[in-house]
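# Close look at the chain arrangement
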Amino acid sequence: MRLLVIAIGRLKNGPERDLAARYRERAVALGRSLGVTACDLTEIPESRARRAADRVTEEATAILALVPADAALIACDERGRSDWPSERIADRIGAWRDAGRSSLVLVVGGADGLHESLRARADHILAFGAATLPHGLVRVLALEQVYRALTILAGHPYHRGDPDA
């Protein structure tokens, strides 16, 4: 399974970009032993359309063009479910991998959110709580959860969550 994070906008050099790169590199290194062949990050420029509706439509078109047909897709969206613990995310990723899904794609939208076509295509819509977070931080959180899920699947001690979960 190939992991792909698609994000609207480009992170500037700084701590968010460094932390995102660190979690991506860790996921790549650990993933090899778990049948995960890559963890790629694709940044799509923000749409310059005047209307928000046009921006999210253009961004969704660009994102969906990169999503393989048989990929599992997790959309990071503030209107998603925030009740999935890391163990459940890991279980889903493991199940998708074991079912032969070629890719897992995590999508982080732009400032105007995600178009309904992306939400409809998603296998899961994930929120990182009720607070509104900057997109750079959501990207870091998405990559951290990918890495954490892989550590859970590998039985690695990085994750010290509820042993009864």
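- Going by the annotation in an unreviewed UniProt entry, the name recorded for the protein chain is Ribosomal RNA large subunit methyltransferase H, with Methylorubrum rhodesianum given as the source organism.

## Points about the sheet that holds strand E5 (residues 124-126)
- Across the sheet, five strands lie side by side as E2-E1-E4-E3-E5; this open sheet has parallel pairing. Only two strands of the sheet have a single partner each, and these edge strands are strand E2 (38-44) and E5. Strand-to-strand twist in this sheet, taken as the mean axis angle between neighbours without regard to direction, amounts to 25°.
- With seven bridges connecting them, strand E1 (residues 2-8) and E2 associate as parallel partners. Looking across to E2, one finds that Ala7 is bridged to Glu43.

## Comments concerning the side chain of Gln145
- Summarising the element assignment, Gln145 is placed in helix H5 (residues 135-154).
- A relative accessible area of 15% places Gln145 in the buried class.
- Side chain to side chain, Gln145 and Ser86 meet in a polar contact 2.8 Å long.
- With sequence-adjacent residues up to four places away left out, Gln145 is seen in contact with Ser86, Ile89 and Phe128.

## Things to note about helix H2 (residues 52-64)
- Here H2 contains 13 residues, and its C-alpha end-to-end distance of 18 Å stays within 8% of the 18 Å for a straight helix at 1.5 Å per residue.
- Within the span of H2, buried status applies to Arg55, Val56, Glu59, Ala60 and Ile63. Around the axis of H2, the buried residues are gathered within 125° of arc, so they sit on the same side.
- Lining the buried residues of H2 we find E1, E2, strand E4 (103-108) and helix H4 (116-121).

## Observations regarding the pattern of salt bridges
- Taken as a whole and judged by the stated rule, the model has 13 salt bridges.
- For Asp123, the salt bridge goes to Arg101, with nearest N and O atoms at 3.4 Å. In this pair, Asp123 is assigned in the loop between H4 and E5 and Arg101 in the loop between helix H3 (86-98) and E4, connecting sequence segments 22 residues apart.
- Given the relative accessible area of 32%, Asp123 is considered partly exposed.
- One network of salt bridges, in which partners are shared, links Asp77, Arg79, Glu116 and Arg119.

## Observations concerning the state of the cysteines
- Within this structure, the stated rule accounts for zero disulfides.
- Its sulfur unpaired, Cys39 is 12 Å from the next cysteine sulfur, which belongs to Cys76.
- On the basis of relative accessibility, which here comes to 8%, the residue Cys76 falls in the buried class.

Parameters at a glance
Residues numbered from 1 in each chain as written. Predicted model: local features only at pLDDT ≥ 70, side-chain atom pairs only at ≥ 80, totals over all residues. Heavy atoms only, no water. Pairing = 2+ DSSP bridges. Helix = DSSP H or I, 4+ residues; strand = E, 2+ residues; numbered from the N terminus. Axes fitted to C-alpha atoms, helices over the stretch in contact; angles between N-to-C directions. Buried < 20%, exposed > 50% of the residue type's maximum accessible area, 1.4 Å probe, protein only. Polar contact = N/O pair within 3.5 Å; in protein donor to acceptor, adjacent residues only side chain to side chain. Contact = heavy atoms within 4.5 Å. Expected span 1.5 Å × (residues − 1). Arc of directions from axis to C-beta. Salt bridge = Lys/Arg side-chain N within 4 Å of Asp/Glu carboxyl O. Disulfide = S-S within 2.5 Å.

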